[in-house]
Each structure stands twice: as structure tokens, then as C-alpha cells.
There are 2 protein chains.
Amino acid sequence: MGEKRYAIGVDIGGTTVKLGLFNLEGEALEKWEIPTVKEAQGFHILPDIAASIRDKAASRDLALTDVLGVGVGAPGPVDAEGTVHRAVNLGWGVLNIPQALQALLELPVKAANDANAAAFGEMWQGGGKGHSNIVAVTLGTGVGGGIIVNGSILTGATGAGGEIGHLHIVDGETEACGCGNFGCLEQYASATGVARLARRRLEQDQEPSVLRSGELSAKAVWDAVKAGDRVAVQVAEQFGLYLGKGLAAVAAVANPEVFVIGGGVSKAGEILFDYIRPAYEKYVFQGCRNAEFALATLGNDAGIFGAAALILN
Amino acid sequence: MGEKRYAIGVDIGGTTVKLGLFNLEGEALEKWEIPTVKEAQGFHILPDIAASIRDKAASRDLALTDVLGVGVGAPGPVDAEGTVHRAVNLGWGVLNIPQALQALLELPVKAANDANAAAFGEMWQGGGKGHSNIVAVTLGTGVGGGIIVNGSILTGATGAGGEIGHLHIVDGETEACGCGNFGCLEQYASATGVARLARRRLEQDQEPSVLRSGELSAKAVWDAVKAGDRVAVQVAEQFGLYLGKGLAAVAAVANPEVFVIGGGVSKAGEILFDYIRPAYEKYVFQGCRNAEFALATLGNDAGIFGAAALILN
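This structure is a prediction, so every number in the text was calculated from the model and none was measured.

Caption draft 1: Quick peek at the environment of Ile304 of chain A. Residue and element names in this part refer to chain A. Within the secondary structure, Ile304 sits in helix H10 (residues 302–312). Assessed through its relative accessible area of 1%, Ile304 is described here as buried. A C-alpha to C-alpha distance of 5.3 Å links Ile304 and Asp11, two positions 293 residues apart in sequence. With near-sequence residues (within four places) excluded, Ile304 lies in contact with Gly9, Val10, Asp11, Lys18, Leu19, Gly20, Phe22 and Lys31.

Following this line, the structure appears as C-alpha cells:
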């Protein structure tokens, strides 16, 4: 049996499964993808992953015994034992990922929620590198969160630790969030949320704005902010108010060293922080005021990095 | 050298220092107090504690070498190394408690923030027994919080983890919180906060209420609630709305198994939960809806229990 020199990170998404082969230094030696086959209640997903890992190892002339283990990030609440409780996007009910995948691969397996894994990845090799208390916020289609406390993922009692997209932020909201509640942070700070804020602002009056032509996306809003569009700036201020308020609440609970902001909306860059910080500083407990804001750097690879880190850290 | 059979828990308060001698089973064999001498920038506090421990050991014919160590809870932000950063109530600036006390006692010393220590105590031997993910909320003069994640205190980057009394809850508040912000949970859910809510309610109109005579305290409010006083019930509903909303935010971050509610206000008993739960369930993320509510059971001893648990757990 050779020396254990590798770890594999797997990030299961609704359409594709991302995989990465890592060395012990945390470098991604190879990244690849396979489709997520969701039919038959997601029954094929783990066998497909196992087969793909075996194929990859064979193609690289690499023995599976050289692999320390496989880390898996899955979309849904994953508890401390690696059991996912209903992953709606995959068709899964209750499934212990380590047990199931270990049986197929004869390798140690660890699993975490995908957003938590991404946060772990950003701490390990990304925007949170060098810190051990971080809050990662993913501003994508929704708002995901992952919290690392003292170098460990805050999983919580039912795997819902760090679900900061569902912090209640706005009273009196009339549209429902995907979770069924009204006024969740996700409804204003996600990509669709920013577009919603812009749409509502435009409906208020007739003030001219570049946002009145073309597609109303988060990207369009931030491009307009950078171009000095007054209406877009007001939208950004509202986004910053809600997100800053939400992160202030997170800080009073978790007191992180740094907030690492990723996801599609974060492509706007550090200008985001100019809008988040005023509300954050207004509402946050004094002792948490010095938390840093940083951009995520691993992009869509954060999940495979974090999954591998479950094995290597 | 004998067998290590004891641990000592110390809870430093603004007026008294509470101490407890514990056996390894977590039973308090003896509890005692000494005054907190705050003059000379609190310079005497740790030597007084060391002397008191030596005296107690001598009086019980117990060798200090039989003591596993001393745990200390202190009022102020205490980081993971046991350094307190400005304990205003004691006159302390920056002080590493383990180093300082170890030098005086030649025993291992660990330190934590007092609210966090109390939470740890409630998990060990109190209302959170049997759980490893708890949020302890102390509704006293202020609102303190302590969060235990996976059996460990969530200290945070600067020792401000679990400062849930300073969650921003109400917009447009005109009175300042002790922390300098406006609209903190502490302003409505502490003992003084409940009295403030009652005072404001009484000023609104002339509706008869037993609260219009006698001292306006949290106890008076809850006694009136139990007697069916309509005005008091409205005050309790507002208290429940704010606290339930705050705990829903805490849940989306920390996802505890149980909220353990203590402090003076909690003497009202489980009736509190009838007022907290509706708002909690309305605002909380679905995956956290099943968190339990329990009353703290250790009262003022939670601090010494938790401090001892720093050594024994």
C-alpha cells in the first residue's frame, strides 16, 4: 500500500457534480464534472460519483489506496454524522452519505452541506485564508451561508447552521420567500433579490435611469452603480442596508474575524462593501465592529476545495 | 501527590466573586463568596481569589495538588486564550487570566466570559443537560447570551460570540442601549426592558391595569399577566415578539437544539414560552422550527458550574 497522497473533493449540484483531485498541500491537480442524474429519486448519483472517481484514478495510474478519503458537499441540511435530511434538488430523502459512498468506494468519506463546505474551502485556500472564524456569504440565486468557528464548520442541531439567507430582515413583505417565510434576507440580497429591489424602485416614480432599458439583473444594477446612475445607487443602498443589518445580526451571534462574500452578485467587487459597511457598523455590537470584509476567491470551486478540506483538515 | 479529585469554579461579578468546589461527577461540594475589591484597577481580585482558594483547601484538609484546575468566568470579552479585553465592571484592561492566576496558585487555569461560562454550566448540569448545541439566554439586568456549539463555547474572534442582547431588533428607538446602539434586544427583553415596555404601554392610554399602582417591575408585569390583566398581556406579547424575533435570528445562525432561558425575568416560568414561541415560529427558518425552549435550572450558580466545567469537560 502506497503513501496517502491525495484527497478528493466532490460538490453535488442540481445539474452537475463537480469533482477535484487534491494533493496534501491543497492544490487542485485536476478538476472535472459529471452530470447529476436526478431520476429514480437520485439513486444513481452516488454510484456515478464512485465510478467517476475509479475511472479518474485509473486514467492517472493512481491507486485508490493512495487516496486519504473523499469529502462531499451536498445541497440540503447535512448533520454532523453526514446524514442529509431531504435534499429536494436531488430527490433524496434521508441518506447517510459517508455510509453509502464508503460502501461503493472503500474509502473514508465525510460529508457536509454544500454552502458549509464552500465556506470551509474559502477558509482553507480562499478569501478567508489565515482565519479560523469566518462567515462565508454566497450571494447567488439565493443567499447561502457557511460559518466556521474555531476552524470547524458550525453544523448545528439539524444541519441548518449558517442559514443566514433566511434571517428575517423586512417586516410587511408581501411576496413569499422560497422557504415560505416573508421578508428573508435572501429576498433582497440574492441576484434575484437585487433585481427585485431595482424593479420596485423603478415602479416608484419616473426618474430616468439606465435600468429602465435592457434586462433588470444584479449585474445591470451594479454596472449602473459604477456609472453613477442615481436610481441604481439607491437600490445599492437598500441592498446594503438589508445585508449590513443581517450581517450585524450574524456578528452578534458568531463574532467572526472576516466575512467572505462570494456568489454571482460579488462579481461587482469591493464596491459592495461600500454599501454594506455603513449599515453593518450602525447596527453591530461594538465588540464586532472590526470584522473584515473580503471577497471569495475560489468561485465555483469553493465547494470541491472545502469538501477536500473535510478530509485534509 | 494524590489523585486529582476536584475542580474549582470561579465566577467574578461586579460585587462578589462566587466560588465552588466540585468533584469529578460535577457535584458542588461547597460554595462560597468573597467581595470583589475593585479599587486599584481591580489589582486585588485575582490575589484575593488565590488566597481564598488556599484558605478553603486548608480548612478542608485538602491538598491543592488534588485539584485538577481552576475555571474562571469574567464579565467582559474573553478570547480563546483566556485574555479578557477590558472588563469595565472590574477596572481591568487587557489581562490574561490563566497566566496571572496560575502564577499565584500553581494550578492549571482556564477562563471564559461569564455569560458563556453560565451557558456551559447549564449544558453540563442544568436546563441544557443532554444537549451539545445550546443557546443560553439570561434575561437579567441586561440580556446575556452564551452559545455552545458541539459541546464547545462559541467564543468568537474577539470574545463577543453570543452577545445576543445586542441584536438590533427595533428600528427608530430613541433611547440608547448601554452599548451605545439603539434598538438592541436587551432594551426590551431584560428586566428593565420589560418594565420599559410596560411604562410605554401605560402612557399610551388610560386603560385600567394593576400595573398603574405599585412598582413597575418585570415581576409585577408577569404577575399581572398570570392574573389576566389585559394591559400586562399586551406588554408580554410585545416582549415575546421582540425576543422571539431575536431568537429566530440566532437560530438561523447557530441552529441550537434548545434555548435555555434564565435570569430574573425567567422566574415567571414557562408562561414566557407561550409569548416567545409565536414570533419565534413565525420568523424562524423552517429547519430550526423544532428547537426546544427550557428554563435554566442553576440560577446564580450557573457561572461556577460552567467555570468548573471548563476544567472537567
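Caption draft 2: A look at helix H4 (residues 114–125) of chain B. Residues and elements named next belong to chain B. Over its 12 residues, H4 runs 16 Å from end to end, which matches the ideal 16 Å to within 8%, given 1.5 Å per residue. With 11 of 12 residues buried, H4 is to be regarded as a mostly interior element. Looking at H4, one finds that the buried residues are Ala115, Asn116, Ala117, Ala118, Ala119, Phe120, Gly121, Glu122, Met123, Trp124 and Gln125. Structurally, the start of H4 carries an N-cap: the backbone nitrogen of Ala115 is 2.9 Å from a side-chain oxygen of Asn113.

Caption draft 3: The sheet that holds strand S9 (residues 143–149) of chain B, seen in detail. Ordered by their spatial adjacency, five strands build an open sheet running S10-S9-S8-S11-S12 (chain B), and the pairing between neighbours is mixed. With one partner strand each, in any of the chains shown, strand S10 (152–153) and strand S12 (292–295) of chain B form the two edges of the open sheet.

Caption draft 4: Layout of the nonpolar core. In this structure, Phe239 of chain A together with Trp222 and Phe239 of chain B are the most contacted members of the largest nonpolar core, which totals 120 residues. The element contributing the most residues to this core is helix H8 (residues 230–254) of chain B, with 16 residues. If we ignore the near neighbours within four places in the chain, the residues touching Phe239 of chain B are Leu139, Tyr188, Ala189, Val194, Leu197, Trp222, Val265, Leu272 and Ile276 of chain B.

Caption draft 5: Fine view of the packing of aromatic side chains. Scanning all chains against the criterion turns up 20 aromatic pairs over all chains. Residues Phe22 of chain B and Phe305 of chain B carry aromatic rings whose centres are separated by 4.8 Å and whose planes lie at 70 degrees to one another, so their mutual orientation is edge-to-face. Note that Phe22 of chain B is positioned in strand S2 (residues 16–23) and Phe305 of chain B in helix H10 (residues 302–312), a separation of 283 residues in sequence. There is no split in this pair, since Phe22 of chain B and Phe305 of chain B are both buried. An aromatic cluster is built from Phe259, Phe273, Tyr280 and Phe293 of chain A, whose rings are joined through pairwise contacts. Positioned over the ring face of Trp32 of chain B is Lys56 of chain B, at 4.8 Å from the centre of the ring.

Caption draft 6: Representation of the sheet that holds strand S1 (residues 6–12) of chain A in the model. Residue and element names in this part refer to chain A. Ordered by their spatial adjacency, five strands build an open sheet running S3-S2-S1-S4-S7, and the pairing between neighbours is mixed. Each of the sheet's edge strands pairs with one partner strand only, and the pair in question is strand S3 (28–35) and strand S7 (109–113). For this sheet, the mean angle separating the axes of adjacent strands, direction not counted, is 20 degrees. With seven bridges joining them, strand S2 (residues 16–23) and S3 adopt antiparallel strand pairing. What sits directly across from Leu21, in S3, is Glu30.

Definitions and cut-offs
Residues numbered from 1 in each chain as written. Chains lettered and ligands numbered in written order. Predicted model: local features only at pLDDT ≥ 70, side-chain atom pairs only at ≥ 80, totals over all residues. Heavy atoms only, no water. Helix = DSSP H or I, 4+ residues; strand = E, 2+ residues; numbered from the N terminus. Buried < 20%, exposed > 50% of the residue type's maximum accessible area, 1.4 Å probe, protein only. Contact = heavy atoms within 4.5 Å. Expected span 1.5 Å × (residues − 1). Polar contact = N/O pair within 3.5 Å; in protein donor to acceptor, adjacent residues only side chain to side chain. Pairing = 2+ DSSP bridges. Core = buried A, V, L, I, M, F, W, Y, C linked by side-chain atoms within 4.5 Å. Phe/Tyr/Trp six-rings, centres within 6.5 Å; stacked < 30°, edge-to-face > 60°. Lys NZ or Arg CZ within 6 Å of the ring centre and 35° of its normal. Axes fitted to C-alpha atoms, helices over the stretch in contact; angles between N-to-C directions.

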